[in-house]
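# An overview of the molecular structure
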Amino acid sequence: MALSFHFSTGLLRAAALPVVALALAACSALPTPPVQSARYDLGLTDTSVPMATAAAPSVAPPPLVLAEVQTPAGADNSTAMLYRLNYADNQELRSYQSARWSLPPAQMLEQRLRTRLALERPVLSEKDNLSANPNDSRSLGLLRLEIVEFSQVFDSASSSQAVVRLRASLIAQDRRGGNVLLGQQLFSAQAPAATADAAGGARAMAASVNDLTVQLSNWLQRYGR
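The shown structure was predicted, so the numbers you read here are calculated from the model rather than taken from an experiment.

Conventions and cut-offs
- Residues numbered from 1 in each chain as written.
- Predicted model: local features only at pLDDT ≥ 70, side-chain atom pairs only at ≥ 80, totals over all residues.
- Heavy atoms only, no water.
- Helix = DSSP H or I, 4+ residues; strand = E, 2+ residues; numbered from the N terminus.
- Contact = heavy atoms within 4.5 Å.
- Polar contact = N/O pair within 3.5 Å; in protein donor to acceptor, adjacent residues only side chain to side chain.
- Core = buried A, V, L, I, M, F, W, Y, C linked by side-chain atoms within 4.5 Å.
- Buried < 20%, exposed > 50% of the residue type's maximum accessible area, 1.4 Å probe, protein only.
- Expected span 1.5 Å × (residues − 1).

### What about the environment of Ser169?
- Along the chain, Ser169 falls in strand S7 (residues 159–173).
- The spatial distance from the C-alpha of Ser169 to the C-alpha of Gly183 is 6.0 Å, given a sequence separation of 14 residues.
- Residues within four places of Ser169 in sequence aside, it is in contact with Leu142, Leu143, Arg144, Leu181, Gly183, Gln184 and Trp219.
- Polar contacts involving the side chain of Ser169 include one to the side chain of Gln184, which spans 2.7 Å.

Structure, rendered in structure tokens:
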């Protein structure tokens, strides 16, 4: 009887092996869950009032209308984090596969600029559709911005910097409905990245954008804006 018992157990084990192999094969064939991309923004906005500069007007500037920030064609709604390899091909824009911006760069930039510039002057949008104050002889100012560069630039595999370039046009809106170009300038800011990856690029980009807001504010003040 004992021999018969051992023989039956061996048969059961042998029969179970194909079942186990099929189960393992089925598990290995299951799709791998997609990797969630890291999402970055420009961090919290510093809302402390900037120190007065030599260019600051002695009286409160008139309201400034900030238009929607424009981007190169085809990049309006993209949240890709772009970078360039200067040491390989600086004409090729590449994007991180596992990291993205939380919003398109134009929207992030507009939010930051609107908050920072409003610390020194009233800032409106084109949707507000306000008329000039009849008791103020100064015309409203319209600021148009176009992104020229918004990327992390690698000079080597271990060294990079965040580069932001903006073309700014300041337009006066007169009371007769006409527009006069007061000034136009290309602004550039760059900050080194502490680490040669998307996280380091995001932190450096925040620093570059903050630098750019200071440059823009000082430029506006020279026009009494």
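### Remarks on the nonpolar core
- The biggest cluster of nonpolar side chains holds 40 residues, and the ones touching the most others in it are Leu143 and Leu145.
- Where this core is concerned, the elements lending two or more residues are strand S2 (64–66), strand S3 (80–85), strand S4 (89–101), helix H2 (105–117), strand S6 (140–156), S7, strand S8 (179–192) and helix H3 (198–222).
- Broken down by element, this core gets its largest block of residues, 10 residues, from H3.
- Residues within four places of Leu145 in sequence aside, it is in contact with Leu66, Glu68, Val69, Gln70, Leu113, Leu166, Arg167, Ala168 and Leu216.
- If you look at the next biggest cluster of nonpolar residues, it comprises five residues, including Val65, Leu124, Leu142 and Ile171.

### A closer look at H3
- For H3, spanning 25 residues, the distance from its first C-alpha to its last is 36 Å, which sits close to the expected 36 Å at 1.5 Å a residue.
- Among the residues trailing H3, Gly224 stands out with phi positive, at a value near 70°.

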